[in-house]
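An overview of the molecular structure
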Amino acid sequence: MSYERSKELFAQARRYMPGGVNSPVRAFKAVGGQPLFIARGKGALIYDVDGNEYIDYVGSWGPLILGHRHPEVTAALQECLKIGTSFGAPTELEIDLARAIVEALPAVEMVRLVNSGTEATMSALRLARAYTRRNKIVKFEGCYHGHADFLLIKAGSGALTLGVPSSPGVPASTAADTIAAPYNDLDTLETIFAREGEDIAAVIVEPVAGNMGVVPPREGFLEGLREITRRYGALLIFDEVITGFRLSYGGAQALYNIDPDLTCLGKIIGGGLPVGAYGGKRYIMEQVAPEGPVYQAGTLSGNPLAVTAGLATLKVLKRPGIYEELERKSTLLARGLAEAARETGLVLSFNRVGSMLCTFFTETPVVDYATACTADTRRFAVFFQSMLEQGIYLAPSQFEAAFVSLAHTDEHIQRTVEAARKAFVVASK
Ligand code: PLP
């Protein structure tokens, strides 16, 4: 494969943008080489500027559950362009999306639309702090909730690590109110709450972690979070930016039957355009301005184009059999990959929940950040490069999910498994 044009563009991009990208995960730092510049996508396929074709498992990092340029999303967007792109005043479309979210997610009675997942988590935590009149928050090691200062906390390996900023520019005083706990570990959480439960405003969690690879919640973990937070008067916030409308139409909260106080959304609800949302119990959401005193705003919030793409996506997802089909395809891929790895004699750890998959290059079962870190990232990089050479586009990091979309056909999956068979052999050397 030739990547000449991508290389040229990357050289130009680096002149004008830090690292040549607008989000660090797009650079190929963890796997070596240079990012590909994408020219277009259709269904499950993307094409780079050198004309190479790839089966795409990144799906813009989760939003494109219907694949690229789904005809219904594209048609709706074309119609929307006729009315305008932004008004900074209410539109009926916003009610439609808010209603669709409230009807879909059992724990959401009211919702505020924002522009990104980062805005959603940041705003939900401001609300939680205002509502409880407490300052501290608990997050889990390896969970990512966007790049707000107080959420960019590097969690040390110790059980009761206090927040240490993981980026220059985050004041230590900001980090000090964030407590990082190990995922899937209720005992440690109990200890944290016994020590400072009266000061903790909220626990925020990815109900299925998707930012340290894919890590499912242990049986009872989410129930335990609900019970402990309730006991101490803290709020439970589900960050469903990835899982919302992906694991089921009602998100992870419907799948695991948990009732969080607040829920954060993004990705799929924007159908590939920039959207986020936070919502939850009416009595909490009524604290948000202008109904209540907790300020939060946005020039482009509820943007007609973004809302339209989201609505069109949810309309397709609501049809009968959609999630069953996604599950069938994802099972096919997961089984194929596991079998291919076995054939090469590689012992790997596979985690999957619905259409979120991860192949960890470790023999250790991955249940939290520490076990995720046992993965051999060098081997993953070799695997990644071999897959790319064979036309399979995976996220350029061991610690990301592969997303299956409705646009992936059985034939795409078969081709992916064939490619993996070869890539595992290369990676096993
Ligand atoms: N929360 C989770 C679980 C995410 O995966 C992400 C982004 O990947 C975010 C929040 C932040 O969303 P955004 O990138 O739209 O700001």
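Residues numbered from 1 in each chain as written. Predicted model: local features only at pLDDT ≥ 70, side-chain atom pairs only at ≥ 80, totals over all residues.

For clarity, the threshold we go by: UniProt positions are given in the numbering used here, feature names are shortened, and annotations may be inferred rather than shown by experiment.
The protein chain goes by Glutamate-1-semialdehyde 2,1-aminomutase in an unreviewed UniProt entry, where it is assigned to Desulfofundulus thermosubterraneus DSM 16057. Quoted verbatim from the Subcellular location (unreviewed entry) heading of the UniProt record, the comment on the protein chain is "Cytoplasm". Annotation of the protein chain in UniProt includes, under Cofactor (unreviewed entry), the sentence "pyridoxal 5'-phosphate".

1. Topic: the pairing of strand E12 (residues 276-280)
Applied cut-off: Exposure classification rests on a simple neighbour count of other C-beta atoms within 10 Å of a residue's own: a residue reaching 20 or more is buried, one at 12 or fewer is exposed, and one in between is partly exposed. C-beta atoms are placed from the backbone. A helix here means a DSSP run of H or I that spans at least four residues, while a strand means a run of E at least two residues long, and both kinds are numbered starting from the N terminus. Two strands qualify as a pair provided DSSP detects at least 2 bridges between them.
Burial within E12 is extensive, with five of its five residues counted as buried. Neither face of E12 is exposed, since Gly 276, Tyr 278 and Gly 280 on one face and Ala 277 and Gly 279 on the opposite face are all buried. Sheet analysis places strand E4 (residues 110-114) next to E12, joined by five bridges and oriented antiparallel. Within E12, the position partnered with Val 111 by the bridge is Gly 279. Two elements, strand E11 (residues 262-265) and E12, share four bridges in a ladder whose sense is antiparallel.

2. Some thoughts on the nonpolar core
The line we're drawing: Joining buried Ala, Val, Leu, Ile, Met, Phe, Trp, Tyr and Cys residues through C-beta atoms within 7 Å gives a set, and that set is a nonpolar core. Marked domain ranges trace back to an automatic or database domain assignment. Remark: residues whose backbone-derived C-beta atoms lie within 7 Å of one another are considered to be in contact.
Formed by 135 residues in total, the largest nonpolar core has its most connected members in Ile 101, Ala 128, Ala 202, Ile 237 and Ala 277. Take this core: its biggest share by element is eight residues, from helix H10 (residues 304-317). Shared between two domains, this core holds at least three residues of each, these being domain 1 (4-69 + 320-427) and domain 2 (71-317). Ala 128 has contacts with Ala 201, Ala 202, Leu 235, Ile 237 and Leu 262, leaving out every residue within four places of it along the chain.

3. What about the site of the ligand?
What counts, and what does not: A molecule or strand has a residue near it when that residue's C-beta atom, placed from backbone coordinates, lies within 6 Å of it. Any residue outside Ala, Val, Leu, Ile, Met, Phe, Trp, Tyr, Cys, Pro, Asp, Glu, Lys and Arg is labelled polar, Gly included; the first ten of those are nonpolar and the last four are charged.
Taken together, 16 residues sit near the ligand, with Ser 116, Gly 117, Thr 118, Gly 146 and Val 241 positioned nearest. Here the residues of the shell around the ligand sort into four nonpolar, ten polar and two charged.

4. Some points on the domain arrangement of the protein chain
Each domain of the protein chain was delimited in the assignment, giving domain 1 (4-69 + 320-427) and domain 2 (71-317). Domain 1 and domain 2 are separated by 25 Å when their C-alpha centres are compared. The interface of domain 1 with domain 2 comprises 28 residues on the first partner and 32 residues on the second. Counting residues per element, the ones that place at least two in the side of domain 1 that touches domain 2 are helix H11 (322-344), strand E13 (349-353), strand E14 (356-360) and helix H12 (369-372). Here the side of domain 1 that touches domain 2 is composed, by residue class, of 18 nonpolar, six polar and four charged.

5. Focus on the environment of Leu 81
Here Leu 81 shows up in helix H2 (residues 71-81). Since 12 C-beta atoms lie within 10 Å of it, Leu 81 is described here as exposed. A sequence separation of 300 residues divides Leu 81 from Ala 381, and the C-alpha atoms of the two residues are 42 Å apart.

6. What to know about the UniProt feature "modified residue: N6-(pyridoxal phosphate)lysine" (unreviewed entry) in the protein chain
UniProt tags Lys 267 as "modified residue: N6-(pyridoxal phosphate)lysine" (unreviewed entry). Residue classification places Lys 267 among the buried positions, given that 28 C-beta atoms sit within 10 Å. Among all residues touching Lys 267, those that are not within four sequence positions of it are Gly 62, Pro 63, Gly 117, Val 241 and Ile 242.

7. Some points on the sheet that holds E13
Formally: Note on geometry: axes are lines fitted to C-alpha atoms, helical ones only across the stretch in contact, with angles between N-to-C directions running from 0 to 180 degrees.
With antiparallel pairing, three strands are arranged side by side in an open sheet as E13-E14-E16. Because the sheet does not close on itself, it has two edges, and the strands there are E13 and strand E16 (402-403). Bridge count for E13 against E14 is five bridges, and the pairing is antiparallel. Across the sheet, Phe 350 pairs through a bridge with Thr 359, a residue of E14. Sheet contacts for H11: E13 and E14; angle to E13, the most-contacted strand, approximately 180°.

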